[in-house]
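One-letter residues, chain by chain:
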Amino acid sequence: MAVYFLDNDVTLKLSAYNLFWQCMAAWGVSDAQIRVLPTAKAVFARNRAIYDQYDDRTRQQAAQIAQKSQALPLLAATPDYTRLLAIERIDPGEARLVTAALADPEALILTGDKNFLKAFAQSGLTDLLQRLAGRFVCLEQLLLALIRQDPDFDKIKKRVKNAVPCEWSIAEAFLGRTEPDSDTVSQRLQAVVEELRAATGNLLARR
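Criteria and thresholds
- Residues numbered from 1 in each chain as written.
- Predicted model: local features only at pLDDT ≥ 70, side-chain atom pairs only at ≥ 80, totals over all residues.
- Heavy atoms only, no water.
- Helix = DSSP H or I, 4+ residues; strand = E, 2+ residues; numbered from the N terminus.
- Rg over C-alpha atoms; globule rule 2.2 N^0.38 Å.
- Buried < 20%, exposed > 50% of the residue type's maximum accessible area, 1.4 Å probe, protein only.
- Contact = heavy atoms within 4.5 Å.
- Areas by Shrake-Rupley, 256 points an atom, 1.4 Å probe, with all protein chains shown as cover.
- Disulfide = S-S within 2.5 Å.
- Core = buried A, V, L, I, M, F, W, Y, C linked by side-chain atoms within 4.5 Å.
- Axes fitted to C-alpha atoms, helices over the stretch in contact; angles between N-to-C directions.
- Parallel < 35°, antiparallel > 145°, perpendicular 65-115°, else oblique.
- Nonpolar A, V, L, I, M, F, W, Y, C, P; charged D, E, K, R; others polar.
- Phe/Tyr/Trp six-rings, centres within 6.5 Å; stacked < 30°, edge-to-face > 60°.
- Lys NZ or Arg CZ within 6 Å of the ring centre and 35° of its normal.
- Pairing = 2+ DSSP bridges.

### Points about the overall build of the protein chain
Logical step 1: Helix and strand counts for the protein chain come out as 13 helices and five strands.
Logical step 2: Taking 207 residues into account, the globule formula puts the C-alpha radius of gyration at 17 Å, and the protein chain, at 16 Å, falls close to it.
Logical step 3: Based on the C-alpha atoms only, the size of the protein chain along its principal axes is roughly 50 × 35 × 30 Å.
Logical step 4: Split into buried and exposed, the 207 residues of the protein chain put 53% on the buried side.
Logical step 5: Restricting the contact set of the protein chain to residue pairs at least 6 apart, pairs at least 24 apart contribute 74%.
Logical step 6: Accessible surface for the protein chain amounts to roughly 10,000 Å². Of this, 50% is attributable to carbon and sulfur atoms.

### Focus: the side chain of glutamate 167
Logical step 1: Considering the arrangement of structural elements, one finds glutamate 167 in the loop between helix H11 (153–162) and helix H12 (168–173).
Logical step 2: A residue is classified by how much of its surface remains accessible, and glutamate 167, at 14% relative accessible area, is buried.
Logical step 3: With residues up to four places along the chain from it excluded, the contact list for glutamate 167 reads Lys13, Tyr17, Gly112, Lys114, Leu139 and Glu140.

### A few points about the state of the cysteines
Logical step 1: In total, this model carries zero disulfides according to the counting rule given.
Logical step 2: No disulfide involves cysteine 138; its sulfur sits 11 Å from the nearest other cysteine sulfur, which is in cysteine 23.
Logical step 3: A residue is classified by how much of its surface remains accessible, and cysteine 138, at 3% relative accessible area, is buried.

### Regarding the nonpolar core
Logical step 1: Ranked by internal contacts, the top residues of the largest apolar core, which has 76 residues, are Tyr17, Phe120 and Phe136.
Logical step 2: It is helix H10 (residues 139–149) that contributes the most residues to this core, seven residues altogether.
Logical step 3: Residue contacts for tyrosine 17: discarding those within four places in its chain leaves Arg57, Leu139, Leu143, Arg159, Val160, Ala163, Cys166, Glu167 and Ile170.

### Quick word on the packing of helix H1 (residues 8–16) against helix H2 (residues 20–27)
Logical step 1: Remark: H1 packs on H2, axes separated minimally by 7 Å, with the N-to-C direction vectors making an angle of 115°. With respect to each other, H1 and H2 are oriented roughly perpendicular. Between H1, through Thr11, Leu14 and Ser15, and H2, the contact on the second element is made entirely by Phe20, Cys23 and Met24.
Logical step 2: Of the residues contributing to the contact of H1 with H2, the split by class is four nonpolar, two polar and no charged.

### Comments concerning the packing of aromatic side chains
Logical step 1: Overall, the coordinates contain four aromatic pairs when judged by the stated rule.
Logical step 2: On the numbers, 4.8 Å between centres and 90° between planes, the contact of phenylalanine 20 with tryptophan 21 is edge-to-face.
Logical step 3: Taking 6.0 Å as the distance between ring centres and 10° as the angle between the ring planes, the aromatic pair formed by phenylalanine 153 and phenylalanine 174 counts as stacked. With phenylalanine 153 in helix H11 and phenylalanine 174 in the loop between H12 and helix H13 (182–200), this pair connects stretches of sequence that are 21 residues apart.
Logical step 4: Three or more aromatic residues joined by ring pairs form one cluster here, namely Phe116, Phe120 and Phe136.
Logical step 5: Note that lysine 68 overlies the ring of tryptophan 21, its terminal NZ or CZ placed 4.5 Å from the centroid.

### A look at the sheet that holds strand E3 (residues 70–71)
Logical step 1: The sheet built from five strands is open, its strands ordered E3-E2-E1-E4-E5 with parallel pairing. Each edge of the open sheet carries a strand with a single partner, namely E3 and strand E5 (136–138).
Logical step 2: As paired elements, strand E4 (residues 108–111) and E5 share three bridges and run parallel to each other. Bridge pairing in E5 links isoleucine 109 to phenylalanine 136.
Logical step 3: Across the face of the sheet, H10 comes into contact with E4 and E5 while running at roughly 70° to E5.

So this is what it looks like as structure tokens:
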């Protein structure tokens, strides 16, 4: 059974939209397949930057997700982990996710951090990039999957618009002088995915 390693960004942003579990289901991810960083719950509860950006509801929901989900085991620092940490814009949590995915050929990484993906793609770590080709899923892909499967687009749109600002590409996709329909939003989100794909080679999954 495939497992899905979640970075803190994707959990927080989908919690802000109040669409976390819906997006997981739309992508075909069961509760038992979710893995989070072992520090995720503490970070959501105590990190100052998160406290300043996200409201209480979002932080509480993210912490509940982390509490409910299985945490990745603490791993000893490996040579690959050390190589990843040397790359600017890759933080210890992201390096841990990549290292764990390298050890599990069926694992995918769900991320809400485009800077991380671009940094990894441009890292020059060719051997690691080849092994993780097609094994990343970005935030926009998850929302696209939900929009295509959930007939209640108005609910999705309302939740995104009511969320605290956290991802400009998502907010922009739902903007317009007139209320955009699901096709328009899907086209905008797909354009963001393709732009990210162009910047990150073959890292993103295709569906």
